[in-house]
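Residue strings, one per chain:
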Amino acid sequence: MAQTTLIRPDPWEGASVSIRHADLYPCPPGWRIDPLVVEYGGLFYIWKGHGWVEQDGHRLDAAPGDLFFSRAGIRFSAGHDPKRPVSVLSTSFTLRVHGNTDPLRRLNLPQRLRIPPDRRAAFARAFMDLASAVHDETPLGPLAARGQLLVLLAETLRLLESLPAACRGGALTMLTGEETRLAAVLEHIDRHLAEPLELADLARVAHL
């Protein structure tokens, strides 16, 4: 009898990305972002200068090598020292996987990740490659930009896994709601395709 090979579930299957912006922004001395509710997920990387970022009332200082995560629905503001104005690499985007869910919603992300000096060049290069692809006006530009954003996100999550807790500041806790419930149910189904699926089990996974 042939042995059945179990296929490892792919949590990123069907991933699709919509990029709102991605660029390097040299900020003038008077620059600041007044409090606003973020509409998209995003990454905000301090290239030069010193300042601060505040999310949902929690303010953290910002220095070169600091990467800030943002998430749709949170309140965000930022500013800097006019004598040491910041230059930032910034992108905002919408990411969806199977079931139209946002996989980043279910992650306990820090507000700030301090990237060590020996890892900054590679990370900034991936960010700059994304910005370059976003500004590519050829027909292949949007495709390259989507691919590069996924590369940047993969590198970001690798850094998050590999760096110690001392490099993390603040917390963007996992968001609850119908979207995350559905994602958990779909993940359970993917992991148990070869077994009977009972409605009571799915309800338990969704906490219903």
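Rules behind the numbers
- Residues numbered from 1 in each chain as written.
- Predicted model: local features only at pLDDT ≥ 70, side-chain atom pairs only at ≥ 80, totals over all residues.
- Heavy atoms only, no water.
- Pairing = 2+ DSSP bridges.
- Helix = DSSP H or I, 4+ residues; strand = E, 2+ residues; numbered from the N terminus.
- Contact = heavy atoms within 4.5 Å.
- Axes fitted to C-alpha atoms, helices over the stretch in contact; angles between N-to-C directions.
- Core = buried A, V, L, I, M, F, W, Y, C linked by side-chain atoms within 4.5 Å.
- Buried < 20%, exposed > 50% of the residue type's maximum accessible area, 1.4 Å probe, protein only.
- Polar contact = N/O pair within 3.5 Å; in protein donor to acceptor, adjacent residues only side chain to side chain.
- Phe/Tyr/Trp six-rings, centres within 6.5 Å; stacked < 30°, edge-to-face > 60°.
- Salt bridge = Lys/Arg side-chain N within 4 Å of Asp/Glu carboxyl O.

Chemist: Whenever I open this one, the sheet that holds strand β10 (residues 168-169) confuses me. Can you help?
Modeler: Neighbouring strands of a sheet are bound in pairs by backbone hydrogen bonds; such pairs are parallel or else antiparallel. The six strands lie next to each other as β1-β8-β3-β6-β9-β10, forming an open sheet whose pairing is antiparallel. Across the chains shown, the open sheet's two edge strands, defined by having one partner strand only, are β1 (16-26) and β10. Relative to strand β9 (residues 112-114), strand β6 (residues 66-70) runs antiparallel, the two sharing three bridges. Within β9, the residue paired with Asp66 across the bridge is Arg114. The strands touched by helix α1 (residues 117-134) are β1, β3 (41-48), β6 and β8 (87-96); relative to β1, the strand with the most contacts, the crossing angle is about 110°.

Chemist: Please explain the nonpolar core as it appears in this structure.
Modeler: Across soluble globular proteins, nonpolar side chains show a tendency to be buried alongside one another. Counting 42 residues, the largest nonpolar core has Leu43, Tyr45, Leu67, Phe93, Leu113, Phe123 and Leu152 as the members making the most contacts within it. The element contributing the most residues to this core is helix α2 (residues 141-162), with six residues. Filtering out sequence-adjacent residues up to four positions away, Leu152 remains in contact with Leu43, Phe123, Ala126, Phe127 and Leu130.

Chemist: Just to check I follow, could you spell out the side chain of Thr156 for this structure?
Modeler: In this fold, Thr156 is placed in helix α2. Polar contacts involving the side chain of Thr156 include one to the main-chain carbonyl oxygen of Leu152, which spans 2.8 Å. Residues within four places of Thr156 in sequence aside, it is in contact with Leu43, Leu67, Phe69 and Phe123.

Chemist: In this structure, what is going on with the sheet that holds strand β2 (residues 32-37)? I would like to understand it.
Modeler: With antiparallel pairing, the four strands of this open sheet are ordered in space as β2-β7-β4-β5. Each edge of the sheet is formed by a strand with only one pairing partner; in this case those strands are β2 and β5 (58-62). Going across the sheet, the axis of each strand differs from the next one's by a mean of 15°, ignoring polarity. Sheet analysis places strand β4 (residues 51-55) next to strand β7 (residues 75-80), joined by five bridges and oriented antiparallel. Residue pairing in the sheet places Gly51 in a bridge with His80 of β7.

Chemist: Hey, could you run me through the packing of aromatic side chains in this one?
Modeler: Given two aromatic rings, one states the distance between the centres and the angle between the planes to describe the pair. Applying the stated criterion across every chain, the model contains three aromatic pairs. Arranged with centres 5.8 Å apart and planes meeting at 75°, the rings of Phe44 and Phe76 form a pair that is edge-to-face. One end of the pair, Phe44, is in strand β3; the other, Phe76, is in strand β7, and 32 residues separate them in sequence. The class of Phe44 is buried, set by a relative accessible area of 9%. A relative accessible area of 8% places Phe76 in the buried class. Between Phe123 and Phe127, the aromatic rings sit 5.9 Å apart at their centres with planes inclined by 80°, giving edge-to-face as the arrangement.

Chemist: Just checking my understanding: could you explain the pattern of salt bridges for this structure?
Modeler: Where charged atoms from two side chains of opposite charge come close, those side chains can pair. This structure, assessed with the given rule, holds six salt bridges. Bridged by salt links that share partners, the residues Asp61, Asp66, Arg112 and Arg114 form one connected network.

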